[in-house]
Amino acid sequence: MTERALLSVENVSVNLPTPRGNLRAVDQVELTIGPGRTLGIVGESGCGKTMLSRAILQLLPRKAKLTGRVLFDGQDLVSLGPERLRKLRGRSLAVVFQDPMTSLNPVLTIGTQLIETLQEHLGLDGVAAKRRSVELLAAVGIPAPEQRLMQYPHQLSGGMRQRVAIAIALSCEPKLLIADEPTTALDVTIQAQILDLLAREQRRRQMAMIIITHDLGVVAGRTDEVAVMYAGRVVERAPTPALFKKMHMPYTEALLAAIPKIDAAPHTTLPAISGRPPDPTRPVQGCSFSPRCRYAAGQCYREKPLLTAAESSGHQYACFHPIQPQAGLPA
Amino acid sequence: MNQHSSQVPSPDPLLKVENLVVQYGVGGKTIHAVSGVSLDVARGETLGLVGESGCGKSTLGRAVLQLRRAVSGRVLFEGRDLMAMQGDSLRKIRQRVQLIFQDPIASLNPRRRIGDIIAEPLVIAGVKDPKKRNELVCEVLSAVGLDPSLVMGRLPHEFSGGQCQRICIARALVLKPDFVICDEPVSALDVSIRAQILNLLEDMKARYGLTLLFIAHDLAVVKAVSDRVAVMYLGRLCEVGPSEQLFARPAHPYTALLIEAIPVPDPDVRPVESVAVGEPPSPMAPPSGCRFRTRCPRADKRCTEEVPELRSIAPDQFVACHHPLIPAA
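Residues numbered from 1 in each chain as written. Chains lettered and ligands numbered in written order. Predicted model: local features only at pLDDT ≥ 70, side-chain atom pairs only at ≥ 80, totals over all residues.

Draft legend 1. Main features of the overall build of chain A. For chain A, the helix and strand inventory stands at twelve helices and twelve strands. Relative to its length of 331 residues, chain A is compact, with a C-alpha radius of gyration of 21 Å against a globular reference of 20 Å. Its C-alpha atoms give chain A principal-axis dimensions of about 70 × 50 × 45 Å. Scored against the burial criterion, the 331 residues of chain A give a buried share of 49%. (Helix = DSSP H or I, 4+ residues; strand = E, 2+ residues; numbered from the N terminus. Rg over C-alpha atoms; globule rule 2.2 N^0.38 Å. Buried ≥ 20, exposed ≤ 12 C-beta atoms within 10 Å, placed from the backbone.)

Structural data, given as structure tokens:
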């Protein structure tokens, strides 16, 4: 937090009215990300990670109520008008979604979609925009880019479509790219290629990036900082090496332990997390992880733990009974 | 043209697949989904079948059950050829071979109560006594960790994905089958729930004495439950071997590629940059020779001309490659 933040999410909550009552999708989240940095947001489905990204992008469902501030490059996005927001999104704030088939327009060619973005945001003329499109497709590793411009999304494989979506997102040199489960729909070998591509383009452009994923393996080697979310809240936040070295929050530890390890012997019983995440329309009193937590005791069932600083710098956790308390050394 | 397995026959193979070829016709074109696959599953073992989407692993699972009829080859269950069977005899065999699907919510009828869903296989199998049926349903529900009294009267939408998968497992087990094909049973589930279901499958395997064919794209998941692993690429087997041996010393470049591509949850392990080359070709026009050659760093002229046969490279380990990563034993 020493450098000036590019994005700072301040006390953001998102509430959604549903037939079953109010759903608190995001609960008092605070996050910052500096220029050129990578933040990983990790959590299981329903933990609010996608809603948080929508809150940053101001792309929430109409009925959703957002409180708090989202400061991007000195502007509060929450109070920005729709015209200003549209100028910003796609230009300095770009996004890559999980499913490239639904994020690309199926009835427009790849070329039209790329060229349109370039003309709209950068004011390029047709010829320049087309030339730039070819360069961009080549940069994201698409063979024969000229021919691809004439093709429709359904003519490309899933991996190729995600490359196109990335090319569109990168087309206007954004300052921040939000990648929401960018590889979940892809095969492992393609996943590695896409993550490499994102990392390479990020380095080259000095762009900040938020990777949203359910896979701790994806964030481990590819982020500077990680925020773990559970039931709408950030429950642990730390520089990536510090987090994996010393987890304070029992949920983070349990999440990591539950992943089958490639170097474990076959038929090893996995330390599963019992139960399941709480229903977001029925808030749990106390810590939302307490019903599943093996360390939970009295206070956990009554009070919500706040995010507090650990001894190692930049490490925060929300737990009354952290693992290895006070043992953190500055990284 | 087809691969002939030189696998030493396991002492008591419950399932034996020989030279299976499955093709689909799509708009006048042929998709070569499974092109001559042979494998054995020994009684009591778990065989993991891994590969990327479109490699034919699910088609293979369905062809074993005769849900998709193969073009040629044989599927022997306890020595009896399922491909020659029809009607009643096939229905009888299917009671002993069950299937668990990827999407647990979609594979349960949303309008029927859980008790009826699980009792259905019993009805089809001719268990006429409702009291007996009820007893068996309660027994299997308790086995998968659900309280029968709370669950039986409810509808699928009242359950989470993980619970629905438990219900699907209960339905597959209610007839006490010998063999269960699990087709990506945990891919749709969250990490914390996935571990619960994998553990449950292991418990059920021990309790009911099952033999499993475990189909998945996630190598770590496959390794966690399998005794042996078969790696499939574009309709053919690349490599078969005991799981630990296969992961420690992969012989096929594709197996090595799959292992390297897994993201490791450890920041000290730097991801290997661009281990993967290109994308799988279309199964409508598979490459000549070795099907992996278009993405293989070791491919040469021989690979374009000659289909590599599955051959022994180490004890119990078989590879279909002209230039394997480890020397033949």
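Draft legend 2. Broad picture of the pairing of strand S7 (residues 176-180) of chain A. Residues and elements named next belong to chain A. Most of S7 sits out of view: five of its five residues are buried. Every second residue of S7 is oriented toward a common face, with Leu176, Ile178 and Asp180 on one face and Leu177 and Ala179 on the other, all of them buried. In terms of strand pairing, S7 meets strand S8 (residues 208-213) through five bridges, oriented parallel. For Ala179, the partnering residue across the bridge sits in S8 and is Ile211. In this region the chain leaves S7, passes through helix H8 (residues 188-205) and returns to the parallel neighbour S8; the handedness of that crossover is right-handed. (Pairing = 2+ DSSP bridges. Right-handed = clockwise from strand over helix to strand, strands pointing away.)

Draft legend 3. Representation of the nonpolar core. Grouped together as the largest cluster of nonpolar side chains are 197 residues, with contacts concentrated most on Val235(A), Ile118(B), Phe214(B), Val231(B) and Leu237(B). The element that contributes the greatest number of residues to this core is helix H7 (residues 158-170) of chain A, accounting for eight residues. Here this core spans two domains, and each of domain 1 (7-223) and domain 2 (250-317) of chain A adds at least three residues to it. The residues touching Val235(A), leaving out its near neighbours within four places in the chain, are Val228(A), Met229(A), Tyr230(A), Met249(A), Tyr251(A), Phe289(A), Tyr317(A) and Ala318(A). (Core = buried A, V, L, I, M, F, W, Y, C linked by C-beta atoms within 7 Å. Domains from an automatic or database assignment. Contact = placed C-beta atoms within 7 Å.)

Draft legend 4. Focus on the sheet that holds strand S2 (residues 21-33) of chain A. Residues and elements named next belong to chain A. What the four strands build is an open sheet, ordered S2-S1-S4-S5; its pairing is antiparallel. Only two strands of the sheet have a single partner each, and these edge strands are S2 and strand S5 (75-76). One ladder, built from seven bridges, connects strand S1 (residues 7-18) with strand S4 (residues 65-72); its direction is antiparallel. Within the sheet, the bridge partner assigned to Val9 lies in S4 and is Val70.

Draft legend 5. Seen up close, the packing of H8(A) against helix H10 (residues 253-261) of chain B. Contact geometry of H8(A) with H10(B) gives a least axis separation of 8 Å together with a crossing angle of 50°. The orientation of H8(A) relative to H10(B) falls into the category oblique. The way H8(A) lies across H10(B) gives a crossing that is left-handed. Side by side, H8(A) and H10(B) meet where Val188(A), Thr189(A), Gln191(A) and Ala192(A) of the first sit next to Leu257(B), Leu258(B) and Ala261(B) of the second. Residue composition of the contact of H8(A) with H10(B), grouped by class: five nonpolar, two polar and no charged. (Axes fitted to C-alpha atoms, helices over the stretch in contact; angles between N-to-C directions. Parallel < 35°, antiparallel > 145°, perpendicular 65-115°, else oblique. Left-handed = near helix turned anticlockwise from the far one by under 90°. Nonpolar A, V, L, I, M, F, W, Y, C, P; charged D, E, K, R; others polar.)

Draft legend 6. A look at the environment of Asp81(B). All names here are of chain B. Mapped onto the secondary structure, Asp81 falls in strand S5 (residues 80-81). C-beta crowding within 10 Å serves as the criterion here: with 12 such atoms nearby, Asp81 is assigned to the exposed category. With 13 residues separating them along the chain, Asp81 and Arg68 place their C-alpha atoms 15 Å apart.

Draft legend 7. Representation of the packing of helix H4 (residues 110-122) of chain A against H7(A). Residue and element names in this part refer to chain A. Contact geometry for H4 and H7: axes closest at 9 Å, N-to-C directions at 15°. If you check the angle between H4 and H7, you find them roughly parallel. Seen along the crossing, H4 lies across H7 with a hand that is right-handed. Each of Ile110, Gln113, Leu114 and Thr117 in H4 lies in contact with H7, whose residues at this interface are Val164, Ala167 and Ile168.

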